Amino acid sequence: MRSPRPPEPVALIKQRRDSALAALVGAVPYIGFLGVSFDRRGDELTAVLGYDDKLIGNPLVPALHGGAIASFLEVTAIMELSFNMLWDDVEQGRIDADNLGPANLPRLPKTIDFTVDYLRSGLPRDAYARARVNRQGRRYASVHVEAWQDHRQRLFAQATGHFLMPPRDG
């Protein structure tokens, strides 16, 4: 009879999760172009759209461009789904978190449809978003995303998207 493996140190688990997220985000150049970063606390991701003048659509208001907002929300949804898939693969031992690269990262989900509700103007400042996976199966996923700036309860945009999940090996 084998003795059980001792639990891993929490710092090592956090490091693996952070490096997995960094590899995933780094594999999508558009995320860097938009200036989106991700803050991970436990299993919760918060996307941060750092303010940049290039994101302004109407300089008279000034307001964030609707396309930049929609892209921010869609990227948030896709990264939430992808991070969940990646973490499952790391936990199951299908991917070595210490050696992540383009060759062994899972393919990204593909957008089927994405509907954005613009609730108010996006102000010229940082924006935040969180995605909630409503359903994730082997072939299909449904995700809801909410974005805010100054107050979490005062959303300026929200979206719902449906995604085709990439095939999984094994």
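Above this text you will find the structure in question.
Per chain, the residues get numbers from 1 upward, laid out in the order the sequence is written. This being a predicted model, a pLDDT of at least 70 is required before a residue's local features are given, and a value of 80 or more before pairs of side-chain atoms are given or counted; all residues contribute to the totals for chains, interfaces and linings. Heavy atoms from the whole structure form the basis of all side-chain values; hydrogens and water molecules are not counted.

Participant: Please explain the sheet that holds strand 1 (residues 36-41) as it appears in this structure.
Facilitator: Picture the strands of a sheet paired through backbone hydrogen bonds; they go either parallel or antiparallel. DSSP-based pairing: two strands are paired if at least 2 bridges between them are found. Numbered from the N terminus, helices here are DSSP runs of H or I no shorter than four residues, and strands are runs of E no shorter than two. Ordered by their spatial adjacency, 6 strands build an open sheet running 1-2-6-7-8-5, and the pairing between neighbours is antiparallel. Every other strand in the sheet has two partners, leaving strand 1 and strand 5 (110-118) as the edge strands with one partner each. When strand polarity is set aside, the average angle formed by the axes of neighbouring strands in this sheet is 25°. Here 9 bridges tie strand 7 (residues 140-148) to strand 8 (residues 155-164), and the two strands are oriented antiparallel to one another. Across the sheet, Val-145 pairs through a bridge with Ala-159, a residue of strand 8. Working convention: axes come from line fits to C-alpha atoms, limited for helices to the stretch in contact. Angles between N-to-C directions cover 0 to 180 degrees.

Participant: Would you take a moment to explain the pairing of strand 7 for this structure?
Facilitator: Counting buried residues in strand 7 gives 7 out of 9 residues, a clear majority hidden from the surface. Where strand 6 (residues 127-136) lies against strand 7, 8 bridges are found, and the strand directions are antiparallel. Looking at strand 7, one finds that Gln-136 is bridged to Ala-141. Here strand 6 folds back onto strand 7, and the loop between the two strands holds 3 residues. With antiparallel pairing between neighbouring strands as the criterion, strand 7 and strand 8 make up a hairpin whose turn holds 6 residues. Accessible area is worked out with a 1.4 Å probe on protein chains only. A residue is then buried under 20% of its type maximum, exposed over 50%, and partly exposed in between.

Participant: Mind showing me how you'd approach the packing of aromatic side chains here?
Facilitator: Both the distance between ring centres and the angle between the ring planes are used here to describe each pair of aromatic rings. Two rings belonging to Phe, Tyr or Trp (six-membered ring only in the last case) form a pair when the distance between their centres is within 6.5 Å. Interplanar angles under 30 degrees mark stacking, angles over 60 mark edge-to-face geometry, and anything in between is tilted. Under the definition given, this model contains 3 aromatic pairs. In this arrangement the basic side chain of Arg-152 is found over the ring face of Trp-148, its NZ or CZ atom lying 4.2 Å from the centre. A ring is scored as having a charge over it whenever the NZ atom of a lysine or the CZ atom of an arginine sits within 6 Å of its centre and within 35 degrees of its normal.

Participant: Would you take a moment to explain the pattern of salt bridges for this structure?
Facilitator: Two side chains that carry opposite charge are able to pair once their charged atoms sit near each other. A side-chain nitrogen of Lys or Arg and a carboxyl oxygen of Asp or Glu constitute a salt bridge if their distance falls within 4 Å. By the definition in use, this model includes 5 salt bridges. For Arg-40, the salt bridge identified is with Asp-18, shortest N-O distance 2.8 Å. On the criterion of sequence distance, the pair formed by Arg-40 in strand 1 and Asp-18 in helix 1 (residues 10-26) is long-range, its members being 22 residues apart. When its relative accessible area of 39% is taken as the criterion, Asp-18 is described as partly exposed. For Glu-44, the salt bridge identified is with Arg-130, shortest N-O distance 3.7 Å. Placement of the pair is Glu-44 in strand 2 (residues 44-49) and Arg-130 in strand 6, with a sequence separation of 86 residues.

Participant: Would you mind going over a nonpolar patch on the surface with me for this structure?
Facilitator: Among the surface-exposed residues, Ile-112, Tyr-140 and Leu-164 lie close enough to one another that they form a single nonpolar patch of about 270 Å² accessible area. In this structure, Leu-164 sits in strand 8. Two distance rules govern patches: like charges are joined within 9 Å, and nonpolar side chains (Val, Leu, Ile, Met, Phe, Trp, Tyr) within 5 Å, applied only to residues with over 30% relative accessible area and no salt bridge. Here the Shrake-Rupley method, with its probe set to 1.4 Å, supplies the accessible areas, and only the displayed protein chains count as covering residues.

Participant: What am I meant to see in the environment of Val-48 here?
Facilitator: Within the secondary structure layout, Val-48 lies in strand 2. What makes two residues a contact is simply this: any of their non-hydrogen atoms within 4.5 Å. In contact with Val-48, not counting residues within four places along its chain, are Gly-35, Val-36, Ser-37, Phe-72, Ala-127 and Tyr-128.

Participant: Before we go on, may I ask you to explain the nonpolar core in this structure?
Facilitator: Side chains of nonpolar character tend, in soluble globular proteins, to be buried together. Judged by nonpolar contacts, the single largest core of 47 residues is most densely connected at Ile-31, Val-36, Phe-38, Phe-72, Leu-73 and Met-79. Those elements that provide at least two residues to this core are helix 1, helix 2 (29-34), strand 1, strand 2, helix 3 (66-92), strand 6, strand 7 and strand 8. Of all the elements, helix 3 adds the most residues to this core, at 15 residues. Those residues in contact with Ile-31 that lie beyond four places of it in its chain are Val-25, Val-36, Phe-38, Val-75 and Met-79. Nonpolar cores were defined as sets of buried Ala, Val, Leu, Ile, Met, Phe, Trp, Tyr and Cys residues, with membership established by side-chain atoms within 4.5 Å.

Participant: Any chance you could explain the side chain of Ser-71 here in plain terms?
Facilitator: Structurally, Ser-71 is set in helix 3. Relative accessible area serves as the criterion here: at 16%, Ser-71 is assigned to the buried category. A distance of 3.1 Å separates polar atoms of two side chains, one belonging to Ser-71 and the other to Tyr-30. Reaching out from Ser-71, the side chain makes a polar contact with the backbone oxygen of Gly-67 at a distance of 2.9 Å. What qualifies as a polar contact is a pair of N or O atoms within 3.5 Å, subject to a donor-acceptor requirement within protein and to the restriction that residues adjacent in sequence count only when both atoms come from side chains.

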